[in-house]
Amino acid sequence: MNAFPQYKANILYKVVTPKSEAELDAYYHFRWENLRQPWNYPLGSEKDEYEQVSEHRMITNGRGDIVACGRVHLNTAEEAQIRHIAVHPDQQRKGLGQMMLAALESVARDLGADRAVTNSREISMDFFSACGFEVEREAASELGMLKRQQMVKKLTANNTLILHPIWCDELQKTWSETIPITEHMGIKLHQYSGRTLETRASLNKNINIHGTMFAGSIFSLATLTGWGMLYLQLKEKTLSGDIVLGDGDIHYHKPITMKPRAICNIETLSGKFKTLETGTKSRFELSVEILDDDIPVAEFKGVYWVLPSKDEA
Ligand SMILES: CC(C)(COP(=O)(O)OP(=O)(O)OC[C@H]1O[C@@H](n2cnc3c(N)ncnc32)[C@H](O)[C@@H]1OP(=O)(O)O)[C@@H](O)C(=O)NCCC(=O)NCCS
């Protein structure tokens with residue numbers, strides 16, 4: 001196993017479902033602190049009558065502290081209501097709001113919804129607009145609450161790729177043409193927000209004799225996700241180059257029995273893109289979190305090299 005001490009400084013964000021009483025208490029407290037306390041609402045005001053029928057999610061950092069929260073429930077079989085999204089004030093504008101919203105939209109899709117609605121305050125409208133929501137009408141105001149707009153987003157399969165669908169299509173094509181195993185493993189790019197890349201694989205195509213996902217497939221899913229993140233970051237910076245894996249280290253904690261997912265967050269990526277501009281190869285490190293649905297099951301740390309394209313070198 002290789003050690004990458006520099007990763008200790010990186011913060012690994014995870015979307016988590018609060019389950020135990022202690023986790024739920026911490027989750028509601030975070031909601032109160034960020035969405036109710038600033039307006040002097042008492043403890044308890046953060047909860048409403050939909051908590052039992054809702055799906056709750058929070059994002060934790062590498063130390064396990066909650067840095068974001070959010071909730072979704074179905075209004076009808078087709079319509080999901082997203083509420084109570086908040087990101088800790090010290091952690092805003094890092095893509096965590098988008099990460100939370102993407103997780104809630106994914107839950108909504110899995111529940112069968114084809115549209116998501118949210119009643120947004122004036123100050124969060126830019127955030128929801130940036131994430132593809134459009135104002136539909138003024139929302140019915142709750143007693144004593146600030147004026148809100150009802151904003152709506154269609155949850156079609158392809159708007160999971162929030163940013164740069166053309167690059168994402170290109171990446172998927174590159175994988176199937178140059179790394180055919182991705183097709184056999186059913187690896188699909190699921191979502192790209194500019195800061196987070198999520199891929200998914202088919203469990204059926206990667207199943208072992210124990211009925212769980214083959215560890216080699218998990219490793220491939222992780223390395224490809226890191227590769228894809230670098231591919232998209234090069235696009236973002238209008239750079240090009242050949243990406244090769246230099247070293248990889250994976251820790252498996254639990255088997256995968258449901259929904260294989262791999263997530264790479266830009267916060268874990270380190271390396272110098274500037275070097276590439278001068279035609280010199282560059283070294284990058286990143287982490288990929290592997291999840292079984294929402295349960296973290298493995299963690300991959302990889303070293304990649306980007307070699308300047310031959311025609312540019
Ligand atoms: C709204 C909120 C959840 C956004 O979370 P966040 O992690 O800061 O948002 P992200 O970093 O994912 O932002 C994604 C994009 O949304 C837009 N955006 C987010 N906050 C914005 C702001 N204050 N002003 C303008 N645009 C904003 C930007 O386009 C941003 O992309 P960029 O940073 O590359 O420009 C967060 O600011 C928050 O918790 N606010 C207080 C609570 C709240 O109002 N919740 C909404 C309940 S109705």
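Colleague: I'd love a proper account of the domain arrangement of the protein, names of residues and values included.
Modeller: What the domain assignment lists for the protein is domain 1 (14-154) and domain 2 (165-307). For domain 1 and domain 2, the distance between their C-alpha centroids amounts to 28 Å. In total, domain 1 and domain 2 occlude about 1100 Å² of area from one another, counting both sides; carbon and sulfur atoms represent 39% of this. Ranking the residues of domain 1 by area buried against domain 2 places Lys-14, Lys-94 and Met-99 at the top, with a combined share of 34%. Counting the contacts that link domain 1 with domain 2 gives one salt bridge. Measuring nitrogen to oxygen at the nearest pair gives 2.9 Å for the salt bridge that ties Arg-57 to Asp-294. Taken together, the links from domain 1 to domain 2 amount to three residue pairs in polar contact (both at pLDDT 80 or more). Ranked by residue count, the leading element in the side of domain 1 that touches domain 2 is helix 2 (residues 96-110), at five residues. Within the side of domain 1 that touches domain 2, the residues separate by chemical class into three nonpolar, four polar and five charged.

Colleague: Residues and numbers for the layout of surface pockets, please.
Modeller: Empty space within the largest pocket amounts to approximately 920 Å³. Lining the largest pocket are 33 residues, with Ile-85, Val-87, Gln-92, Ser-124 and Phe-127 sitting closest to its centre. The element contributing the most residues to the lining of the largest pocket is strand 4 (residues 79-87), with six residues. Each residue belonging to the lining of the largest pocket can be placed in one class, and the counts come to 14 nonpolar, eleven polar and eight charged.

Colleague: Describe in detail the site of the ligand, supporting the description with residues and values.
Modeller: In the vicinity of the ligand, 19 residues are found, and the nearest of them are Ile-85, Val-87, Arg-93, Gly-97 and Gln-98. In the model, an oxygen atom of the ligand is placed 2.8 Å from a nitrogen or oxygen of the Arg-93 main chain. With respect to the ligand, the backbone of Lys-94 contributes an N or O atom lying 3.2 Å from an oxygen atom. When isolated, the ligand has an accessible area of 920 Å², and the protein chains bury 77% of it. The pocket occupied by the ligand, as judged from atoms lying within 2 Å of grid points, is the largest pocket. Counted by class, the shell around the ligand contains seven nonpolar, six polar and six charged residues.

Cut-offs and rules
- Residues numbered from 1 in each chain as written.
- Predicted model: local features only at pLDDT ≥ 70, side-chain atom pairs only at ≥ 80, totals over all residues.
- Heavy atoms only, no water.
- Domains from an automatic or database assignment.
- Buried area = accessible area lost by both parts, 1.4 Å probe.
- Salt bridge = Lys/Arg side-chain N within 4 Å of Asp/Glu carboxyl O.
- Polar contact = N/O pair within 3.5 Å; in protein donor to acceptor, adjacent residues only side chain to side chain.
- Helix = DSSP H or I, 4+ residues; strand = E, 2+ residues; numbered from the N terminus.
- Nonpolar A, V, L, I, M, F, W, Y, C, P; charged D, E, K, R; others polar.
- 1 Å grid on protein atoms, 1.4 Å probe; cavity = no way out; pocket = protein on both sides within 12 Å on 5 of 7 lines; lining within 4 Å.
- Points joined across faces, edges and corners; volume = space filled by probe spheres on them.
- Near = heavy atom within 4 Å.
- Areas by Shrake-Rupley, 256 points an atom, 1.4 Å probe, with all protein chains shown as cover.
- Sits in = over half its atoms within 2 Å of the grid points.

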